[in-house]
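# Structure assessment
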Amino acid sequence: MNWITSIVRPKIQSLLRRETPDNLWIKCPETGQMVFHKDVEQNLNVIPGSGYHMRMPSDARLKHMFDGGQFDEIKVRDVPTDPLKFKDAKRYTDRLKDARTRTGMHECVRTGYGTLDGTPVTISVQDSDFILGSLGMGAGEAIIAGMEEAVRRGTGYIIFTASGGARMQEGIFSLMQLPRTTVAVQRLKLSKKPYIVVLTNPTTGGVTASYAMLGDVHIAEPGALICFAGPRVIEATIREKLPEGFQRAEYLKDHGMVDMVVPRKDMRSTLSTLLNVLTKTPKINNLASPDQDAA
Amino acid sequence: MRAYLDFEKPIAELEAKASELRSMLEKGSAASLGDEARRLEIKAYQSLKELYAGLSPWQKTQVARHPERPHFTNYIEHLIEDFVPLAGDRAFGEDEAIIGGFGRFRGQSICVIGQEKGSDTESRLRHNFGMAKPEGYRKAIRLMELADRFDIPVLALVDTAGAYPGIGAEERGQAEAIARSTEACLQLGVPNISVIIGEGGSGGAIAIATASHVMMLEHAIYSVISPEGAASILWRDGTRAQEAAVSMKITAQDLIKFGVIDQIVVEPAGGAHRDPAKAVSHAGKAIAAALTQFTGKSKEEIRELRAAKFLAIGRKV
């Protein structure tokens with residue numbers, strides 16, 4: 001070992017490393033193409049060339065949806081931690097702690113109240129970065145709180161779903177979130193304000209089998225996996241290969257389960273129009289109305 | 001010949017010896033053998049009672065899946081008069097994994113829905129082992145709506161490993177069918193009683209188990225995922241199902257402590273399969289008592305009580 005290998009090379013390497021952090025380039029999961037991460041971020045986390053929709057962090061999603069990126073975050077009541085005292089490879093309490101430290105979120109669902117093109121609205125976002133967006137007591141309580149907030153404020157309610165399914169570490173309490181969130185959906189429906197579900201990749205299991213499939217309108221992001229039983233479970237059961245595009249957003253539209261597949265760049269304007277039409281909100285813009293033209 | 005579970009081996013031996021003595025006795029052997037046979041029978045019964053008082057969650061899983069355990073059809077035979085099964089979802093087809101219809105329970109009209117697993121190869125195939133497809137849940141919705149309109153209470157007998165995971169089921173909206181069925185349960189202005197008689201497997205169960213009053217048989221299980229499924233996801237090893245059964249807390253005794261279920265129905269010594277008629281009769285008594293809680297309540301009150309009960313689950317554990 002000489003001074004070049006022991007001093008100069010590490011220095012050069014550390015310089016190089018500083019300039020090329022691991023996440024500088026993103027590989028498109030579909031085409032394998034390498035893309036500069038800033039370009040992806042600026043494109044609403046959609047790969048510019050292929051149009052592949054990457055996960056959009058809940059914070060970016062909420063800021064993107066609300067006017068001026070401004071919203072009030074809705075508080076959620078505390079839920080018991082780890083009622084089963086569950087431990088697999090790791091203690092569940094440690095798993096929760098790690099997820100909270102790493103993501104800065106308390107649970108996988110965040111809710112904001114604000115305006116979308118001037119129309120008041122309540123929006124929840126489920127973030128698959130937090131324990132796969134799995135549905136447990138915390139997420140269930142957050143969704144109930146979001147829906148109750150919409151009822152209280154008399155606004156429409158939009159939820160962006162993303163979930164690997166049940167939070168298995170909470171066992172039966174996870175299953176109980178199906179009827180619990182459904183109670184909240186029913187109360188929301190009684191308020192006669194629109195309930196719009198945006199299904200993002202992936203939305204599966206207990207989430208699809210409850211609030212995600214009970215919307216007044218279902219919108220899906222392109223290519224999103226949306227299913228009850230995951231492809232691996234089905235393959236293991238029937239022991240045959242699944243058809244191309246099976247359980248993807250476009251497949252669900254073909255089978256009548258979603259109203260439309262909307263690319264992320266058009267999501268905001270689609271939701272805005274839908275919300276205003278369904279709530280009979282008059283259109284506000286700078287153009288003169290036909291009546292005024294006549295006068 | 002009784003089907004013994006692996007952990008019942010000592011009892012199988014005692015009972016085999018006793019019945020051997022009994023047959024010798026019939027052939028004219030010494031009367032003293034009768035006393036010995038009796039002694040063995042009492043011993044077998046005592047050990048059986050002790051064994052079943054301390055079943056592990058995995059043993060309960062085996063009991064809940066016992067082939068001779070009373071199924072939906074047995075409950076109908078013993079409890080419901082004039083049962084008229086109805087078929088079809090009026091959209092796609094008929095799914096015999098879920099049976100539903102109207103009849104009379106202790107003189108009063110009742111709507112009964114539930115999964116039937118089947119009892120031999122032919123009927124198991126016909127009922128798809130109690131794993132329903134969207135048509136099954138949509139039939140359940142149709143019947144619940146009918147019951148609600150005619151002011152007839154609903155009884156759900158839950159016994160399924162889960163909703164069927166297949167291409168056709170996904171294609172026709174398995175998730176949506178389950179979600180709507182749960183919603184239909186919550187929409188009922190008549191009381192609904194659910195009894196987990198064997199396995200309460202995940203979304204496939206909750207779709208009809210969301211009830212005003214939820215009961216479980218003493219050795220039934222109720223879970224978000226089967227022990228095998230949990231093991232294969234958590235440890236990527238399906239053979240660790242026994243561990244998963246313990247950590248998932250799937251027994252009636254755990255779930256009543258959690259406030260997830262309202263009542264446990266006691267099974268005969270040695271499990272429901274030892275004396276199906278008695279097990280069904282215990283359930284019948286419990287169902288009759290549960291229904292009386294709701295007499296005189298308005299549709300609005302019944303809906304509100306059910307909604308409030310589910311919202312309260314987990315808020316104080």
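Residues numbered from 1 in each chain as written. Chains lettered and ligands numbered in written order. Predicted model: local features only at pLDDT ≥ 70, side-chain atom pairs only at ≥ 80, totals over all residues. Heavy atoms only, no water.

### As for the domain arrangement of chain B
All names here are of chain B. Segmenting chain B into domains produces domain 1 (6-54) and domain 2 (61-311). In this structure, domain 1 and domain 2 have C-alpha centres spaced 36 Å apart. Each partner contributes residues to the interface: domain 1 has nine residues there, and domain 2 has eight residues. Here domain 1 packs against domain 2, burying approximately 670 Å² in sum over the two surfaces, 55% of which is carbon and sulfur. (Domains from an automatic or database assignment. Contact = heavy atoms within 4.5 Å. Buried area = accessible area lost by both parts, 1.4 Å probe.)

### Re the interface of chain A and chain B
A common way to state how big an interface is: give the accessible area lost once the parts meet. Contacts between the two partners involve 49 residues from chain A and, on the opposite side, 47 residues from chain B. Both sides of the chain A and chain B interface together cover about 4100 Å² of buried area, and 71% of this is carbon and sulfur. Counting the surface chain A buries against chain B, the share from its top three residues, M168, I172 and F228 of chain A, is 16%. In this structure, the connection of chain A to chain B is made through three salt bridges. Between E304 of chain B and R187 of chain A there is a salt bridge, and its shortest N-O distance comes to 3.0 Å. At the boundary of chain A and chain B, one finds 14 residue pairs in polar contact (both at pLDDT 80 or more). (Salt bridge = Lys/Arg side-chain N within 4 Å of Asp/Glu carboxyl O. Polar contact = N/O pair within 3.5 Å; in protein donor to acceptor, adjacent residues only side chain to side chain.)

### What to know about the pattern of salt bridges
Tallied over the full model, the rule gives 43 salt bridges over all chains. The residue E221 of chain A makes a salt bridge to R264 of chain A at a minimum N-O spacing of 2.8 Å. Here the residue E221 of chain A occupies a position in the loop between β8 (217-220) and α9 (231-238), and R264 of chain A occupies one in helix α11 (residues 264-278), the gap between them amounting to 43 residues. Via salt bridges that share partners, K189 of chain A together with R138, E176, R180 and E183 of chain B belong to a single interconnected network. (Helix = DSSP H or I, 4+ residues; strand = E, 2+ residues; numbered from the N terminus.)

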